[in-house]
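Take a look at the letters that make up each chain.
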Amino acid sequence: MTEIIENIKRAAIEISEAIKTQDTGKVETQNSSGDIQVKLDVISDTIVEKYMLNTSSVKEIISEEKESPVTKERGKYMVAYDPLDGSSLIDVDLSVGSIFGIYENGYNGENIKAAIYVVYGPRVEMVVARDVVELFRLNEKRGEFEFIKELKLQNKGKILGPGGTQKHWYPYHKEMIDSLFQEGYRLRYSGGMVPDLHQILLKEGGLFAYPGTTDKPKGKLRKLFEVFPFAYVYKKAGGYAVDGHKDLLSLKAEHYHDTTPCFFGSEYEINRVLETYKGKK
Ligand code: AHM
Ligand code: MG
């Protein structure tokens, strides 16, 4: 596991350089979910692939940019990753991220053994979740990630990141969001799940929601590359992660690119979600 984390750090430093220096334009092709790719999606995918296939404990990799896994002969872990999440925000210079789930014996929620994400913002930060959740920050001069602190969520926060197209929200979802704003929650939503979830984690509470909607009942965010890793991070930090009804880590994945509605936050807000969604979709 240490070897995987060290190689993810190396990949993150290279991706961060690429973000600063490479063309931010689009490519002609689409990825396997049908999203428009930018050149940096492809570059970042290649960087992570290079490091992960050179990690002896990794036996297989799959990414948001790949149709199916790349498999090696030996190794224990399977790494599912989104090399550059929120890449449509690159051309407006907002923060983006990379997300990694380390799995053993399959890609279901219960098989995840560690999760890591990297935020490329004004500074580069990395969060590593194993038994505890730790924050690291890149010291650009030394080219090394330095440990900053352990992260823990409180029971209740003050901020709200409500994703999805509002026109297509179910009425009960809209009522819940409205009522949280009425309680005094403030809007914190950039459109990049990595910085949005990072903010809630560092502010020690709140709610991020990417619900199912009338046009996309299964939501947008992918289980393997986005949802399971963040569910693992939030749960290890003392928070909660649900699909509206169940713990996200109790879900199975039938296909590599399956999506699910998802809610991440602290105890109070997730209880509101569970109450709201009881008996609903
Ligand atoms: P991507 O992996 O194609 O970048 O999509 C994931 C991103 C998330 O970071 C964000 O929460 C979500 O898409 C926002 O999508 P939309 O603006 O379509 O609601
Ligand atoms: Mg993504």
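Anything mentioned here points back to the structure above.
Residues numbered from 1 in each chain as written. Chains lettered and ligands numbered in written order. Predicted model: local features only at pLDDT ≥ 70, side-chain atom pairs only at ≥ 80, totals over all residues. Heavy atoms only, no water.

Caption draft 1: Fine view of the coordination of the magnesium ion (ligand 2). Taken together, Glu-64 (OE), Asp-82 (OD), Asp-85 (OD) and Glu-226 (OE) make up the protein donors of the magnesium ion (ligand 2), found 1.9 to 2.7 Å from the metal. Of note, the donors binding the magnesium ion (ligand 2) are all from one chain and are spaced E-x17-D-x2-D-x140-E. Here Asp-82 lies in strand β5 (residues 77-85) and Glu-64 lies in the loop between β3 (58-63) and β4 (70-71), a separation of 18 residues in the sequence. For the pair shown, Glu-64 and Asp-82 are each scored as buried. (Donors = N, O, S within 2.8 Å, 3.2 Å for Na, K, Ca; no water. Helix = DSSP H or I, 4+ residues; strand = E, 2+ residues; numbered from the N terminus. Buried < 20%, exposed > 50% of the residue type's maximum accessible area, 1.4 Å probe, protein only.)

Caption draft 2: Structural view of the site of ligand 1. Neighbouring ligand 1 are 16 residues, the closest being Glu-64, Asp-85, Gly-86, Met-193 and Tyr-210. One of the side-chain nitrogen or oxygen atoms of Asp-82 is found 3.3 Å away from an oxygen atom of ligand 1. Taking Tyr-210, its side chain carries an N or O atom lying 2.6 Å from an oxygen atom of ligand 1. If ligand 1 stood free it would expose 480 Å²; the protein chains cover 78% of that surface. The cavity that encloses ligand 1 is the largest pocket. Among the secondary structure elements, those contributing two or more residues to the shell around ligand 1 are β5 and β13 (207-210). For the shell around ligand 1, the per-class residue count stands at 5 nonpolar, 4 polar and 7 charged. Looking at the shell around ligand 1, you find at least three residues from each of domain 1 (2-150) and domain 2 (159-277). (Near = heavy atom within 4 Å. Polar contact = N/O pair within 3.5 Å; in protein donor to acceptor, adjacent residues only side chain to side chain. Areas by Shrake-Rupley, 256 points an atom, 1.4 Å probe, with all protein chains shown as cover. 1 Å grid on protein atoms, 1.4 Å probe; cavity = no way out; pocket = protein on both sides within 12 Å on 5 of 7 lines; lining within 4 Å. Sits in = over half its atoms within 2 Å of the grid points. Nonpolar A, V, L, I, M, F, W, Y, C, P; charged D, E, K, R; others polar. Domains from an automatic or database assignment.)

Caption draft 3: Representation of a positive patch on the surface in the model. On the surface, Lys-156, Lys-158, Arg-186, Arg-188 and Lys-203 cluster together to form a positively charged patch. In this structure, Lys-203 sits in the loop between α4 (193-202) and β13. (Patch = residues over 30% accessible without salt bridge, like charges linked within 9 Å, V, L, I, M, F, W, Y side chains within 5 Å. Salt bridge = Lys/Arg side-chain N within 4 Å of Asp/Glu carboxyl O. Lys, Arg positive; Asp, Glu negative; His and termini not counted. Charge placed at Lys NZ, Arg CZ, Asp CG, Glu CD.)

Caption draft 4: Quick peek at the sheet that holds strand β9 (residues 133-139). Spatial ordering of the open sheet is given by β4-β3-β5-β6-β7-β8-β9-β10, a layout of 8 strands whose pairing is mixed. With one partner strand each, in any of the chains shown, β4 and β10 (144-150) form the two edges of the open sheet. With 6 bridges joining them, β9 and β10 adopt antiparallel strand pairing. What sits directly across from Phe-136, in β10, is Phe-147. (Pairing = 2+ DSSP bridges.)

Caption draft 5: The layout of surface pockets, seen in detail. Volume-wise, the largest pocket comes out at about 510 Å³. Forming the walls of the largest pocket are 27 residues, and the residues nearest its centre are Asp-35, Gly-86, Ser-87, Ser-88 and Lys-220. Contributing elements (two or more residues each) for the lining of the largest pocket: β2 (36-38), β5 and β13. For the lining of the largest pocket, the residue count by class is 9 nonpolar, 7 polar and 11 charged. Lining the second largest pocket are 17 residues, and of these Pro-217, Lys-218, Thr-259, Thr-260 and Pro-261 sit closest to its centre. (Points joined across faces, edges and corners; volume = space filled by probe spheres on them.)

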